[in-house]
Amino acid sequence: MYTHEDLAKLQAQSLKMQGFIRQQTYSPEMEKTLRRFSSWEVAELILKINPSTFRGRLAADPSLPEGLVEEDGRQRWYTLEEINELRRKVKIKGMSLMPPRQAGKRAIRAAIANFKGGAGKSTVALHFAHAAALNGYRVLAVDFDPQATLSHSMGLSDVSEEVTVWGIMARDLIRETERMNAAAAGAESGTALPQRKLPAAVTGMGLNELRVTDFIKSTSWPTIDIIPSCANAAFVEFASAQYRHLNPEWSFFAAVSRYLDQIPPDAYDLIIFDCPPAIGYQSMNAVFAADVLYVPSGPGYWEYDSTTSFIGQLSEALEDLGRFRGRLPSGTNPEKVFAAIRFLLTRFEPNNDLHRAMQKAFEQVFKSHVTANPIEMTRAVEQSGRFLSSIYEMDYRQMTRETWRRARMSFDRAYDEFQATLVDAWDKLED
């Protein structure tokens, strides 16, 4: 017979193994570090300019970053900070190398969501965040999944649940209850309305004193920050149900959206949500806060069936939020509107007849909502996953360049569509 104590012992043993894996994967300090990028990568794959043109600009302008030169002098290696400096200073035919960004508008928000486990949500979120950073964007990733795969892949492991999405939601409950009580006390009728009371177990955690920045953690990528998750945050679904009982008027689904609205609009360019494989309090917060909904799916029939169920249940859940109309703060509409909805096939094998047939089925049903470029399953992608890294973090010298390049090109094409979708969605955002 086994109890929760036995489960706790098993977790403790697993945590020791996690530490060993990190020691083998990360630096000797057990911290994830970002590699340098070769001049070939910088020119051809990142800045997308002719390598000879790149070398000419470096020779003509000694103020540009020189990178780290190999002993044989054949290759230079650049940090991401140096790459961004090059992007800011270099122009090609009078054109800036900075990525498109709608001036005067907040960061665009994209949710990577599907309740089918293994659909590739965390893999897509990780690769899109890294590709966007290499593209010159400042990125905030939000890990809504208690499995914390994205957080671990970003190099974060020792995370306190207070600084996860759960903490954001509990903090919002306290602040929204205070706002409602203040409004009730100042009712125009002159008659004080009943006050909503929260137990000390909620108000005494100190969450109300946390600043917006307390939830945001840096990563090994200088232009990527993250609101992390952890296994202890798994109880958010149970806690949120209790919180709603404490204050039935609390619009729980808008908690993260209200939090993100407190971040200065020019702090980030892109915010990416990695959603849990379920429709619950956390995933509904992600969906409600998102401008763009990206739905990854495997190329099999059961994945198609699960994706169909997901969008149906999500539709019903969003429709149910209409009952909160009139309970939200002024200017908030519970009817969710997306600027774009896209379906992205993952783990796709171009030579697999079933995969090609399912791709046609997706396109026939979802039409223009299906992305043109699926993410292919390659040996390099599998290898990167084993090392908690993206293909962008892996050094191409660890394998044949062609194997690495094929995997990168697959993600590059998928990201290019993602970026185009975001830029188009930015036009639809209010200033």
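Identification of the protein chain as Sporulation initiation inhibitor protein Soj from Yoonia vestfoldensis is taken from an unreviewed UniProt entry.

Novice: Even after reading the chapter, I still don't get the overall build of the protein chain, so can you show me in this structure?
Specialist: If you tally the helices and strands in the protein chain, you get 15 helices and 12 strands. Burial analysis of the protein chain (431 residues in total) assigns 52% to the buried set. Contacts in the protein chain between residues at least 24 apart in sequence constitute 80% of all its contacts with a sequence separation of at least 6. In the structure as shown, the protein chain presents an accessible area of about 20,800 Å², 52% of it carried by carbon and sulfur atoms.

Novice: Quick question: what am I supposed to make of the sheet that holds strand β12 (residues 340–345) here?
Specialist: With mixed pairing, 7 strands are arranged side by side in an open sheet as β8-β9-β7-β10-β6-β11-β12. Lying at the two open borders of the sheet, with one neighbouring strand each, are β8 (217–218) and β12. With 3 bridges joining them, strand β6 (residues 108–112) and strand β11 (residues 292–297) adopt parallel strand pairing. Paired with Ile112 across the strands is Tyr294, a residue of β11.

Novice: Looking at this model, I keep getting lost on the environment of Leu64. Mind explaining?
Specialist: Its place among the elements puts Leu64 in the loop between α3 (51–60) and β2 (68–69). Each C-alpha atom of the pair Leu64 and Glu85 lies 7.8 Å from the other, and the pair is 21 residues apart in sequence. Residues in contact with Leu64, not counting those within four places in the same chain, are Arg57, Leu58, Leu86, Lys89 and Val90.

Novice: I would appreciate a short explanation of the side chain of Ser410 in the present structure.
Specialist: Position of Ser410 relative to the elements: it lies in helix α15 (residues 401–428). In this structure Ser410 comes out as buried when scored by relative accessible area, which is 1%. Residues in contact with Ser410, not counting those within four places in the same chain, are Pro374, Ile375 and Glu376.

Novice: How should I be thinking about helix α9 (residues 236–246) in this particular structure?
Specialist: Where α9 is concerned, the buried positions are Val236, Ala239, Ser240 and Tyr243. Down the axis of α9, the sector holding all buried residues measures 100 degrees, keeping them to one side. Across from the buried face of α9, at angles greater than 90 degrees, the exposed residues are Phe238 and His245.

Novice: It is not clear to me how unusual backbone geometry should be interpreted in this structure. Could you clarify?
Specialist: One can expect most non-glycine residues to show negative phi and most peptide bonds to be in trans. A positive phi is found at Lys48, a non-glycine position, where the angle reads about 55 degrees. Residue position: Lys48 is located in the loop between α2 (39–46) and α3. With relative accessibility at 55%, the residue Lys48 sits in the exposed group. The backbone phi angle of Ala148 is positive, close to 60 degrees, even though this residue is not glycine. As for its placement among the helices and strands, Ala148 is situated in the loop between β7 (139–143) and α6 (149–153). Judged by relative accessible area, Ala148 falls into the buried class, the value being 0%.

Novice: Is there a simple way to think about the pairing of β7 in this case?
Specialist: Counting buried positions over the 5 residues of β7 gives 5, a clear majority of the element. What you see with β7 is no split at all: Val139, Ala141 and Asp143 on one side and Leu140 and Val142 on the other are buried throughout. Bridge analysis of β7 against strand β9 (residues 224–227) gives 4 bridges, and the strand direction is parallel. Bridge pairing links Val142 to Ile227 in β9. Across 5 bridges, the pairing between β7 and strand β10 (residues 270–274) is parallel. Within β10, the residue paired with Val139 across the bridge is Leu270.

Novice: For this particular structure, what's the right way to read the side chain of Glu417?
Specialist: When you line up the elements, Glu417 lands in helix α15. Residues in contact with Glu417, not counting those within four places in the same chain, are Tyr294, Arg342, Thr371, Ala372 and Asn373.

Novice: What should I look at first to understand the pairing of β6 in this one?
Specialist: For a regular strand, the rule is simple: side chains alternate between the two faces of the sheet. Burial analysis of β6 places 5 of its 5 residues in the buried class, the great majority of the element. In β6, alternate side chains face the same way, and those of Ile108, Ala110 and Ile112 on one face and Arg109 and Ala111 on the other are all buried. Relative to β10, β6 runs parallel, the two sharing 5 bridges. Paired with Arg109 across the strands is Ile271, a residue of β10.

Novice: Would you take a moment to explain the sheet that holds strand β1 (residues 37–38) for this structure?
Specialist: Each strand in a sheet pairs with its neighbour through backbone hydrogen bonds, running either in the same direction (parallel) or in the opposite one (antiparallel). Read from one edge of the open sheet, 3 strands run β1-β3-β2, paired in antiparallel fashion. Only two strands of the sheet have a single neighbouring strand rather than two, namely β1 and β2. Judged from the 2 bridges that link them, β2 and strand β3 (residues 76–78) form a sheet pairing that is antiparallel. Within β3, the position partnered with Val69 by the bridge is Arg76.

Novice: What is the right way to look at the packing of aromatic side chains in this model?
Specialist: Each pair of aromatic rings is reported with the distance of its centres and the angle of its planes. Inspection of the entire model under this criterion finds 25 aromatic pairs. Between the aromatic rings of Phe128 and Tyr415, the centroid separation amounts to 6.3 Å while the plane-to-plane angle is 65 degrees, which identifies the pairing as edge-to-face. Separated by 287 residues along the polypeptide, Phe128 in helix α5 (residues 121–134) and Tyr415 in helix α15 bring together distant segments of the chain. Each member of the pair, Phe128 as well as Tyr415, is classed as buried. Both rings, one in Phe215 and one in Tyr259, keep their centres 5.5 Å apart while their planes meet at 75 degrees; by these two values the pair is edge-to-face. Of this pair, Phe215 sits in the loop between α8 (200–203) and β8 while Tyr259 sits in helix α10 (residues 255–260); the two residues are 44 residues apart in sequence, bridging distant segments of the chain. Residue classification places Phe215 among the buried residues on the basis of a relative accessible area of 0%. Judged by its relative accessible area of 1%, Tyr259 falls in the buried class. Among the aromatic residues, those joined into a cluster by ring pairs are Tyr243, Trp250, Phe252, Phe253, Tyr281 and Phe288. Directly above the aromatic system of Phe288 lies the positively charged group of Lys336, at a separation of 5.8 Å from the ring centroid.

What counts and how
Residues numbered from 1 in each chain as written. Predicted model: local features only at pLDDT ≥ 70, side-chain atom pairs only at ≥ 80, totals over all residues. Heavy atoms only, no water. Helix = DSSP H or I, 4+ residues; strand = E, 2+ residues; numbered from the N terminus. Buried < 20%, exposed > 50% of the residue type's maximum accessible area, 1.4 Å probe, protein only. Contact = heavy atoms within 4.5 Å. Areas by Shrake-Rupley, 256 points an atom, 1.4 Å probe, with all protein chains shown as cover. Pairing = 2+ DSSP bridges. Arc of directions from axis to C-beta. Phe/Tyr/Trp six-rings, centres within 6.5 Å; stacked < 30°, edge-to-face > 60°. Lys NZ or Arg CZ within 6 Å of the ring centre and 35° of its normal.

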